[in-house]
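Residue strings, one per chain:
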Amino acid sequence: MKESTESLNFIEHIIEEDLANGFAKDNLRFRFPPEPNGYLHIGHAASICLNFGLGEKYNAPVNLRFDDTNPAKEEQEYVDAIKRDIAWLGFKWAKECYSSDYFQQLYDWAIQLIKEGKAYVDQQSSEQIAAQKGTPTSPGSPSPYRDRSVEENLDLFEKMKNGEFEAGSYLLRAKIDMASPNMHMRDPILYRIINKAHHRTGTEWCIYPMYDWAHGQSDYVEQVSHSLCTLEFKAHRELYDWYLDQIYDSKLLRPKQREFARRNLSFTVMSKRKLLELVQKKIVAGWDDPRMPTISGLRRRGYTPDSIRKFSDVAGISKRDNVTEVSLLEFCIREDLNKTATRVMGVLNPVKLIITNYPEGKSEILEMENNPELPNSGTHEVPFSRELYIEREDFKEEAGKKFFRLSLGNEVRLKSAYIIKAESVKKDENGNILEIHCTYDADSRSGSGTEASQRKVKGTLHWVSIAHAIKAEVREYDRLFLDEAPDSHEDKNFLDFVNPDSLKIIKEAYLEPYLANASMDEKFQFQRLGYFSLDPDSKSDALVFNKTVGLKDTWAKQNIENPPQNQPKQPQTQTSNQGKRKALNEIQQISKKLTNFSGEKLNGAMSSILELAEEVSYEELSPLFNTAAKKVGTRIGVMLTLSVLLNKGQERNAEIDAFIQSGLEDEHEILKAEAQKLV
RNA sequence: UGGUCCAUGGUGUAACUGGCAACACGUCUGAUUUUGGUUCAGAAGAGUCCAGGUUCGAGCCCUGGUGGACCAACCA
């Protein structure tokens, strides 16, 4: 068991409490229950890591159960992809299960329900049934077929099962409560007729159980102790329990469902339906497009299982709506790759550099560290010669004080090689730089131990020898959407926010020859650029690298004006994405802090209160006259608001006078002063 | 208009039966650095949606508001 110092999430608290109440640890059992109708994404990873993590923590089995009750949507392809992804994440399931394994048991239980008068066959259209269902605010009404005899129900259900009816013509429904405030309890559907081959049971069945009927019973069959799912299933819990009540044998373990919030990531979408839409509309190249938040997309992008597990761990589990910043995910992958990726050099946007005092035709082999973070990671060879490519952005004819790279008359080091000095440039008729002419210090070779080699220079550049470089394609990715939460806008479709520049293909990048032998599972850091790994599109003579994530770049940051977000909350406008909050409410929140403020902050806060006060009515304000004496800030805010109302012609009354009087008698100077103004 | 759930720095989570609000990401300094990376040292940023109550003491408990999410597929 974990140290008690470690903080637990609320699910773990529930389990600890169950254990404390006598639940046997050996009976703990979990499951991850995907529907095989799409690929797993980073949101699923949260659930996978939660369930399998619990399994590891408590040494309990975790089943992988495919919730395959709808042959119209599900396919073997998805089953395979899901298994691959979970295994890749490094988790081992105890048993591979399928809801379809329990179809016979489910059917038998359904017969039992019918015999007990708790289920009936309906034969209305879906429109009729929907109409009878009522709305969340008004009760439903019973189906005319609700009170069929047991015999008739049994007979019809038998015929449904035998395929004697058309798809959609008959249903089996549970008889619960058409007036329940919980819509799911208004005679939910148990079975529907679907004439489609199932990926596992083929054409054996033509009736298929609904999610609610299958899920809890599957948990029960597998003796899952804690059935964890996302919040939108909260309302299903009552039904989950009702179904269990009907079939539960008290000698067996009774599963319980608990719900947690799904994890959202900023600048992307996280629903299988929407991801499928991106695939089908060819906005991305497929489920495993490196821009997709799918596990397979992240894998192709170069993310590691560890980084995803770390992300899930550090993001946590709770019950509130959330949008986690992608920067957290990026932190997790950088942290991992920094320790493991082999350092290499590649030039993405080349400009030619000629070392004029380096002998023509000469080349030499230099040594380069594989990974400075890993003590025994060794070195690899990198060829050096007279003509090199460096990054175009790494040269400026005239540099400012803060530019540490190459400029005319200044020295920089070429990583793992020599110190060079830029002497002149050759340009075309449009002024574009064609060549940079440099001289090098022959004594300054890295690792030679000479005094010259240890000289401090302002910058270090990566480079590649033109004669030895290999060409490769490099694909750089940016966020797929321009909006932080693209699917949270009622008035706009998430596709409206697709980033048109999310993919940048560099057809000819120049890489050091060492990379010719790169393998698919190797991770690289292209020095000063970021982390890269091979894309499966690669051929042995045509490599394709994906950029996983860039290095943190404090230089780039200086060149972009980014709005500081570490400022104290501006009291002025609190509109944000919370929708319009009531003005008074905002005033209250600002007022509360008034006594902590001084100077400009105080003035700012007070003037925004005065502004907001324009929208406040006397009826709203007057209850706050009773605000406790010790809550001075709120009382000042109320006093300010009152002054605005009085200015607008609000008549004075006893209530108002009393409030002003109380302010006059107060010890707090600001409050007293504001009250004074109203006398 | 009903039911259910949620509300803690910019973001994500903590705070065990009430006890001076913690951690991570992000942001900003400075040092080190043959990656403007890493590492190291430090800083700013919330008084916990609002109000009332209980209490010596409330982010945690009670009451009433406010805001947000979910619920009416023969989907899961």
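Being a predicted model, the structure only gives us computed values, none of them experimental.

Colleague: Break down the nonpolar core for me, with residues and values.
Modeller: Counting residues in each nonpolar core, the largest one holds 44 residues, and the members touching the most others are Ile-15, Ile-42, Ile-48, Leu-54 and Ile-86. Elements supplying a minimum of two residues to this core: helix H1 (10-20), strand S1 (30-32), helix H2 (42-58), strand S2 (62-66), helix H3 (76-89), helix H10 (295-301), helix H11 (305-315) and helix H12 (326-340). Ranked by residues supplied to this core, first place goes to H2 with eight residues. Three or more residues apiece are contributed to this core by two domains, here domain 1 (10-100 + 215-265) and domain 3 (272-341 + 474-490 + 525-555).

Colleague: Tell me about the protein's contact with RNA strand B, and name the residues and values.
Modeller: Near RNA strand B, the surroundings consist of 83 residues, among which Arg-320, Arg-343, Ser-446, Gln-588 and Lys-593 are the closest. The sugar and phosphate moieties of RNA strand B supply 67% of its atoms located within 4 Å of the protein. The side chain of Arg-405 places a nitrogen or oxygen atom 2.7 Å from a base nitrogen of RNA strand B. Here Arg-413 contributes a side-chain N or O atom positioned 3.2 Å from a base oxygen of RNA strand B. Elements represented by at least two residues in the surface near RNA strand B include exactly strand S6 (189-193), H11, H12, helix H13 (554-559) and helix H14 (583-593).

Colleague: Talk me through the UniProt feature "short sequence motif: 'HIGH' region" (unreviewed entry) in chain A; I want residue IDs and the actual numbers.
Modeller: Here, the residues flagged by UniProt with the feature "short sequence motif: 'HIGH' region" (unreviewed entry) are residues 34-44. The span residues 34-44 shows a helical share of 27% and a strand share of 0%, and its end C-alpha atoms are spaced 9 Å apart.

Colleague: A description of the sheet that holds strand S20 (residues 433-440) should follow, citing residues and the corresponding values.
Modeller: Strand order in the open sheet formed by seven strands is S21-S18-S19-S20-S12-S15-S22, and the pairing between neighbours is mixed. In this open sheet, the two strands that pair with only one neighbour each are strand S21 (460-461) and strand S22 (463-465). Pairing between strand S12 (residues 350-355) and strand S15 (residues 387-391): five bridges, direction antiparallel. What sits directly across from Pro-350, in S15, is Glu-391.

Colleague: Provide a residue-level description of a positive patch on the surface, including the pertinent values.
Modeller: Positive charge collects at one region of the surface, where Lys-592, Lys-593, Lys-630 and Lys-631 lie side by side. Relative to the assigned elements, Lys-631 resides in the loop between helix H16 (618-621) and helix H17 (632-647).

Colleague: An account of unusual backbone geometry is requested, with residue identities and associated values reported.
Modeller: With a phi close to 60°, Gln-223 is a non-glycine residue in the positive phi region. Mapped onto the elements, Gln-223 comes out in the loop between helix H7 (211-222) and strand S8 (226-230). Given the relative accessible area of 19%, Gln-223 is considered buried. At Arg-528, a position not held by glycine, the phi torsion is positive, near 70°. By the secondary structure assignment, Arg-528 is in the loop between strand S25 (523-526) and strand S26 (530-534).

Colleague: Describe the pairing of strand S14 (residues 379-385), with residues and values.
Modeller: By the criterion of burial, S14 is predominantly enclosed, with five of the seven residues buried. Judged from the seven bridges that link them, strand S13 (residues 363-369) and S14 form a sheet pairing that is antiparallel. Paired with Ile-365 across the strands is Pro-383, a residue of S14.

Colleague: Any details on the packing of H17 against helix H19 (residues 669-677)? Residues and values, ideally.
Modeller: Two elements in contact, H17 and H19, have axes separated by 9 Å at closest approach and are oriented at 20°. Classified by the angle between their axes, H17 and H19 sit roughly parallel to one another. Read as a crossing pair, H17 and H19 show a hand that is left-handed. The residues of H19 that touch H17, namely those facing Val-632, Arg-635, Ile-636, Met-639 and Leu-640, are Ile-670, Leu-671, Glu-674 and Ala-675. Broken down by class, the residue content of the contact of H17 with H19 amounts to seven nonpolar, no polar and two charged.

Colleague: Any details on the layout of surface pockets? Residues and values, ideally.
Modeller: One water molecule sets the probe size; rolling that probe over the atoms shows where empty space is left. Space inside the second largest pocket adds up to approximately 1,300 Å³. Lining the second largest pocket are 49 residues; nearest its centre among them are Glu-35, Tyr-211, Glu-232, Phe-233 and Lys-272. Among the elements that line the lining of the second largest pocket, the one with the most residues is H2, at four residues. The residue inventory of the lining of the second largest pocket, partitioned by class, reads 20 nonpolar, 13 polar and 16 charged.

Here is what the cut-offs are and how they apply
Residues numbered from 1 in each chain as written. Chains lettered and ligands numbered in written order. Predicted model: local features only at pLDDT ≥ 70, side-chain atom pairs only at ≥ 80, totals over all residues. Heavy atoms only, no water. Core = buried A, V, L, I, M, F, W, Y, C linked by side-chain atoms within 4.5 Å. Buried < 20%, exposed > 50% of the residue type's maximum accessible area, 1.4 Å probe, protein only. Helix = DSSP H or I, 4+ residues; strand = E, 2+ residues; numbered from the N terminus. Domains from an automatic or database assignment. Near = heavy atom within 4 Å. Polar contact = N/O pair within 3.5 Å; in protein donor to acceptor, adjacent residues only side chain to side chain. UniProt positions renumbered as here; feature names shortened; annotations may be inferred. Pairing = 2+ DSSP bridges. Patch = residues over 30% accessible without salt bridge, like charges linked within 9 Å, V, L, I, M, F, W, Y side chains within 5 Å. Areas by Shrake-Rupley, 256 points an atom, 1.4 Å probe, with all protein chains shown as cover. Salt bridge = Lys/Arg side-chain N within 4 Å of Asp/Glu carboxyl O. Lys, Arg positive; Asp, Glu negative; His and termini not counted. Charge placed at Lys NZ, Arg CZ, Asp CG, Glu CD. Axes fitted to C-alpha atoms, helices over the stretch in contact; angles between N-to-C directions. Parallel < 35°, antiparallel > 145°, perpendicular 65-115°, else oblique. Left-handed = near helix turned anticlockwise from the far one by under 90°. Contact = heavy atoms within 4.5 Å. Nonpolar A, V, L, I, M, F, W, Y, C, P; charged D, E, K, R; others polar. 1 Å grid on protein atoms, 1.4 Å probe; cavity = no way out; pocket = protein on both sides within 12 Å on 5 of 7 lines; lining within 4 Å. Points joined across faces, edges and corners; volume = space filled by probe spheres on them.

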